[in-house]
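Structural features, examined
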Amino acid sequence: MRFTEQMIKLIVETDKASRNDVERAMKLREDLTAELSSAEKQIDSQYKKEADSKITKERIIAKKETDNFKESLYASEKSKADKLRRRYEENHEAWEKEIFKNITAK
C-alpha cells in the first residue's frame, strides 16, 4: 500500500471516528437535555405542592384567627348591649319621670 493510500485510509477512519464521537456527544446532549427537563418539572411540581400546602395552612390559620376575632367581637358587643339593657331596665322609670317633669314644667 502506498503512502497516499494509507493517508487517505487514515483520514477516512479518523473522519468516521470523529463523526461517531460527534453523534455520541449529540445523543448525550439530547439525553441530558431531556433529563434536565424532567428534573425541572419534578422540582417545579415539588415546589408547587409545598407552596399549595403552605397556602392551605395559612388559610386555616387566618380562618381560625378571623373566627376567634368574630367571637371576641360578638361577645364584646353582646356584653355592651346587655349592660345598656340592664341600665335601661334599672333607670327607665326615673328617666321617664324626669323627662315628663321637664316637659310639664315649661
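The coordinates are above.
Residues numbered from 1 in each chain as written. Predicted model: local features only at pLDDT ≥ 70, side-chain atom pairs only at ≥ 80, totals over all residues. Heavy atoms only, no water.

Brief notes about the overall build of the chain
What the chain contains, in helices and strands, is one helix and zero strands. Radius of gyration (C-alpha) of the chain: 44 Å, far over the 13 Å computed for a compact globule of 106 residues. Taking the principal axes of the C-alpha coordinates as reference, the chain spans close to 145 × 25 × 10 Å. Looking at the chain residue by residue over its 106 residues, the buried ones come to 1%. (Helix = DSSP H or I, 4+ residues; strand = E, 2+ residues; numbered from the N terminus. Rg over C-alpha atoms; globule rule 2.2 N^0.38 Å. Buried < 20%, exposed > 50% of the residue type's maximum accessible area, 1.4 Å probe, protein only.)

As for the packing of aromatic side chains
Centre-to-centre distance and the angle between the planes together describe a pair of aromatic rings. Scanning all chains against the criterion turns up one aromatic pair. Residues Tyr88 and Trp95 carry aromatic rings whose centres are separated by 6.5 Å and whose planes lie at 55° to one another, so their mutual orientation is tilted. For Tyr88, a relative accessible area of 39% puts it in the partly exposed group. (Phe/Tyr/Trp six-rings, centres within 6.5 Å; stacked < 30°, edge-to-face > 60°.)

Brief notes about the pattern of salt bridges
In total, this model carries eight salt bridges according to the counting rule given. A salt bridge links Lys27 to Asp31; the nearest nitrogen and oxygen atoms lie 3.0 Å apart. Within this pair, Lys27 and its partner Asp31 are both found in helix α1 (residues 3-105), separated by four residues, close to a single helical turn. Taking the shortest distance from any N to any O, the salt bridge between Arg85 and Asp82 comes out at 2.9 Å. Of this pair, Arg85 and Asp82 both sit in helix α1, three residues apart, which is roughly one turn of the helix. Taken together, the shared-partner salt bridges in this structure form one network comprising Lys78, Asp82 and Arg85. (Salt bridge = Lys/Arg side-chain N within 4 Å of Asp/Glu carboxyl O.)

Read these as layout, nothing more, since geometry by itself doesn't imply function.
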